[in-house]
Amino acid sequence: MKKLINQAADVVREELEGIAVAHPDLVKVHYDPSFVYRADAPIKGKVAVISGGGSGHEPMHGGFVGLGMLDAACPGAVFTSPTPDQMLEATKKVDGGAGVLHIVKNYTGDIMNFEMAADLARGDGIEVEAVVIDDDVAVKDSLYTAGRRGVGTTVLAEKICGAAAEQRRSLKEVADLCRKVNGWGRSMGMALTSCTVPHVGKPTFDLPEDEMEIGIGIHGEPGRMRMKVKPADEIVEMLMEPIITDIPYKPGEEVLLFVNSMGGTPQIELYIVYRKAYEIATKKGLKVVRNLIGPYITSLEMAGTSITMLKMDEDLKKLWDAPVKTPGLRWGI
Amino acid sequence: MPIAREDALNWIKACGKVLAENRDYLTQLDAAIGDADHGANMDRGFKAVLNKMPEISDKDIGTIFKTVGMTLISTVGGAGGPLYGTFFLQAGMKTAGKMELTLSDWYTVLDAALSGVVMRGKAELGDKTMVDALTPARDALKAALENHTSLPTALEQSAEAAREGMEGTIPMVARKGRASYLGERSAGHQDPGATSSYLILKAAADTWSACT
């Protein structure tokens, strides 16, 4: 394993130390338990939006703390959900009296830890709503599994709900909006290489030089199928087909198209992917009215991409365009 | 002698030791069907528990178990944190104020701990989870209690039932947790959570072999 780290056990803490000194105007870092929170928190009368999850997906979530997005983010160990005491302390720290929304990705550990935290926070008299993001069409949605994983739509939900909270919408309105975004967003990813969790020291899974995994999760969970690597255009077709057919997007509808790097795939390739995804969406009669292209929900150094499509309406477009000022996402300011 | 306070402390220490020794093994099992963090998470959690030992060394068994539970919840993360945390919190509630445990008490503890895990994780028998090791272990204790089996034998039978339950997860198709994403591909692999549950119960049988 070759990594720019000191000790594997110190990776998350040292990353937080870096964030703290890099962005003191935007965020502060609390240790023991650890979370990143807005430098100006709590904001009186504003719904606070919190997310969290395992580390290794940067800039999600800590990089999305700031004006117009998250009020706090709780980082777990690499690929491990954070613990309830982190979410509880973060919730208390940023609650401005208007309630707190927990945006939770659908993983068994995340769900259980956030549930425990919400129970404890409600015990302390804080109003908490939790919305689960489960947008990964690679996973069969069934009563007999843990359900679809939460992936790319999480980034979009955090941006849109953060903007709505900034407008002083109520907790119920922001939570309903989050559910709407989850209902309208679909994602699918693929990997060209595995990734190495620092404290494990070797790749999470073996992927031969000439093969790829279609339908991969953001923790190296195996996907739908493994096959020989194909040209980018064919790969994009394999990702777009399940996304477009999962919810019947109708011709004429507006969408946001989000092409994400899993960490190791460079911009040059992302634009090749975007070009084909845009062509497929347009041929289906969809209007791509917004986009996001870059590494926003990553899987350490994994090479690969995920595509997320979100149906848009006037409200979502306005919220998407609203000012945001975070370490990882910044516009309109 | 029944299971005394010191024995309970020694069991927790033994859990820490056996989870540290099996850290890489549990992680390997998890890498096959999950996300390769179970061994590291459990080891981190029990290392934190061992650091708390001086604080609880003179406390009742309920306080010891409750402290273990709270520590695991705040240090393990993943699904293991809430599940093993709940396991020990429930155990602590059944042993509040107690300075020693009989076989009947231990059955009550394991029964409550298992119920807590089922409530938190919503898993059923056959879902390829720790419930598949804990349930037969609990049932074996109940049978031993009815047959007036001695404590060490009952603990051995319980650990053996957990081992069989653990091995029984190999052909199962996971229906809970991250392994469920694999569907049929999860069959053929032993569940890491069932494995750590077996290790913990085996540690109890080994630590308390001289209790009566």
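Within any chain, residue numbers begin from 1 and follow the written order of that chain's sequence. Each chain is given a letter, starting from A, and each ligand a number, starting from 1, according to the order in which they appear as written. Owing to the predicted nature of the model, reporting of local features is limited to residues with pLDDT of at least 70; listing and counting of side-chain atom pairs is limited to 80 or more, with chain, interface and lining totals taken over all residues. Hydrogens and water molecules were not included; the side-chain quantities draw on all heavy atoms of the structure.

Helix and strand definitions here come from DSSP, where helices need a minimum of 4 consecutive H or I residues and strands a minimum of 2 consecutive E residues; each element is numbered from the N-terminal end. Helix and strand content of chain B: 9 helices and 2 strands. Along the chain direction, N to C, the helices and strands of chain B fall in the order β-α-α-α-α-α-β-α-α-α-α. Here the globule rule reads 2.2 Å times residues to the power 0.38, and the radius of gyration is calculated from C-alpha atoms. In terms of overall size, chain B behaves like a compact globule, its C-alpha atoms giving a radius of gyration of 16 Å where 212 residues would be expected to give roughly 17 Å. Dimensions of chain B, computed from the C-alpha atoms along their principal axes, are close to 50 × 40 × 30 Å.

Moving on to the pairing of strand β1 (residues 27-30) of chain A. Residue and element names in this part refer to chain A. The buried label goes to any residue with under 20% of its type's maximum accessible area, the exposed label to any with over 50%, and the partly exposed label to all in between, with areas taken from a 1.4 Å probe on protein chains only. Of the two faces of β1, the one holding V27 and V29 is buried and the one holding K28 and H30 is not buried anywhere. Strand pairing follows a simple DSSP-based rule, namely that at least 2 bridges must link the two strands. Here β1 pairs with strand β2 (residues 35-38) via 4 bridges, running antiparallel. Across the sheet, the residue bridging to K28 is Y37, located in β2.

Now for the sheet that holds strand β11 (residues 287-294) of chain A. Residue and element names in this part refer to chain A. The strand order across the open sheet formed by 6 strands is β9-β8-β7-β12-β10-β11, and the pairing between neighbours is mixed. Each having just a single partner strand, β9 (225-228) and β11 make up the two edges of the open sheet. Strand-to-strand twist of the sheet, defined as the mean angle between neighbouring strand axes without regard to direction, takes the value 20 degrees. In terms of strand pairing, strand β10 (residues 254-261) meets strand β12 (residues 304-312) through 8 bridges, oriented antiparallel. Its bridge partner lying in β12, S261 is registered against T305. Residues are treated as being in contact if the distance between any of their heavy atoms lies within 4.5 Å. Each axis is a line fitted through C-alpha atoms, and for a helix only the stretch in contact is used; angles between axes span 0 to 180 degrees, taken between their N-to-C directions. Sheet strands touched by helix α7 (residues 267-283): β10, β11 and β12. Its angle to β11, the strand with the most contacts, is close to 165 degrees.

Residues and elements named next belong to chain A. Domain annotation of chain A identifies domain 1 (12-184) and domain 2 (185-320). The domain limits used here are those given by an automatic or database domain assignment. For domain 1 and domain 2, the distance between their C-alpha centroids amounts to 22 Å. The partner domain 2 presents 40 residues to the 34 residues of domain 1 that form the contact. Defined in terms of a 1.4 Å probe, buried area is the accessible area two parts forfeit on being brought together, summed over both. When the two sides are added together, the surface that domain 1 and domain 2 hide from each other amounts to roughly 3000 Å², 64% of it contributed by carbon and sulfur.

Every contact between the two is made by 33 residues of chain A and, on the other side, 30 residues of chain B. When chain A packs against chain B, close to 2400 Å² is buried across both sides, 56% of that on carbon and sulfur atoms. In terms of surface lost to chain B, no three residues of chain A exceed T80(A), M112(A) and M116(A), which account for 22% of the buried area on that side. By definition here, a salt bridge exists when the distance from a side-chain nitrogen of Lys or Arg to a carboxyl oxygen of Asp or Glu is within 4 Å. Seen at the junction of chain A and chain B, the total is 3 salt bridges. One salt bridge connects E115(A) with R120(B), and the closest N-O pair in it is separated by 3.6 Å. What qualifies as a polar contact is a pair of N or O atoms within 3.5 Å, subject to a donor-acceptor requirement within protein and to the restriction that residues adjacent in sequence count only when both atoms come from side chains. Put simply, chain A and chain B have 6 residue pairs in polar contact (both at pLDDT 80 or more) between them. Every element with two or more residues in the side of chain A that touches chain B is listed here: α2 (84-94) and α3 (108-123) of chain A. At 8 residues, α3(A) tops the list of elements feeding residues into the side of chain A that touches chain B. Partitioned by chemical class, the residues of the side of chain A that touches chain B number 12 nonpolar, 13 polar and 8 charged. Residues are grouped as follows: Ala, Val, Leu, Ile, Met, Phe, Trp, Tyr, Cys and Pro are nonpolar; Asp, Glu, Lys and Arg are charged; all remaining types, including Gly, are polar.

This part takes up the packing of aromatic side chains. By convention, a stacked pair of Phe, Tyr or Trp rings (six-membered ring in the case of Trp) has centres within 6.5 Å and planes under 30 degrees apart, an edge-to-face pair has planes over 60 apart, and any other such pair is tilted. All chains considered together, the criterion is met by 14 aromatic pairs over all chains. Note on F35(A) and Y37(A): the rings are 5.6 Å apart at their centroids and 50 degrees apart in plane angle, and the pair reads as tilted. Of the residues examined, F35(A) reaches a relative accessible area of 1% and is grouped as buried. The class for Y37(A) is buried, based on a relative accessible area of 10%. Summarising the aromatic geometry, the rings of W106(B) and W208(B) are spaced 4.9 Å apart at their centres and angled 90 degrees between planes, so their arrangement reads as edge-to-face. You can see W106(B) sitting in helix α6 (residues 103-121) and its partner W208(B) sitting in the segment after α9 (192-207), a full 102 residues away along the chain. Of the two residues, W106(B) and W208(B), neither departs from the other in class, the shared state being buried. Grouping aromatic residues by their ring pairs yields a cluster made of W11(B), F46(B), F65(B), Y84(B), F87(B), F88(B), W106(B) and W208(B). A ring is scored as having a charge over it whenever the NZ atom of a lysine or the CZ atom of an arginine sits within 6 Å of its centre and within 35 degrees of its normal. Taking the ring centre of Y31(A) as reference, the NZ or CZ of R13(A) above it sits at 4.5 Å. Positioned over the ring face of W184(A) is K311(A), at 4.5 Å from the centre of the ring.

Another aspect to go through is the state of the cysteines. When two cysteine sulfur atoms are found within 2.5 Å, that pair is recorded as a disulfide. One pass over the full model with this rule turns up 0 disulfides over all chains. C74(A) forms no disulfide, and the closest cysteine sulfur to it belongs to C178(A), at a distance of 15 Å.

Grouped together as the largest cluster of nonpolar side chains are 62 residues, with contacts concentrated most on F64(A), L101(A), V155(A), I160(A), C178(A), F258(A) and L292(A). Per-element accounting of this core gives the leading share, 8 residues, to helix α4 (residues 153-166) of chain A. Both of domain 1 (12-184) and domain 2 (185-320) of chain A provide at least three residues apiece to this core. Among residues more than four places away in sequence, those in contact with F64(A) are P59(A), M69(A), L70(A), V155(A), E158(A), Y296(A), T326(A), G328(A) and L329(A). Counting residues in each nonpolar core, the second largest holds 59 residues, with L103(B), Y107(B), M130(B) and A144(B) among its members. We call a set of buried residues a nonpolar core when its members are Ala, Val, Leu, Ile, Met, Phe, Trp, Tyr or Cys and they connect through side-chain atoms within 4.5 Å of each other.

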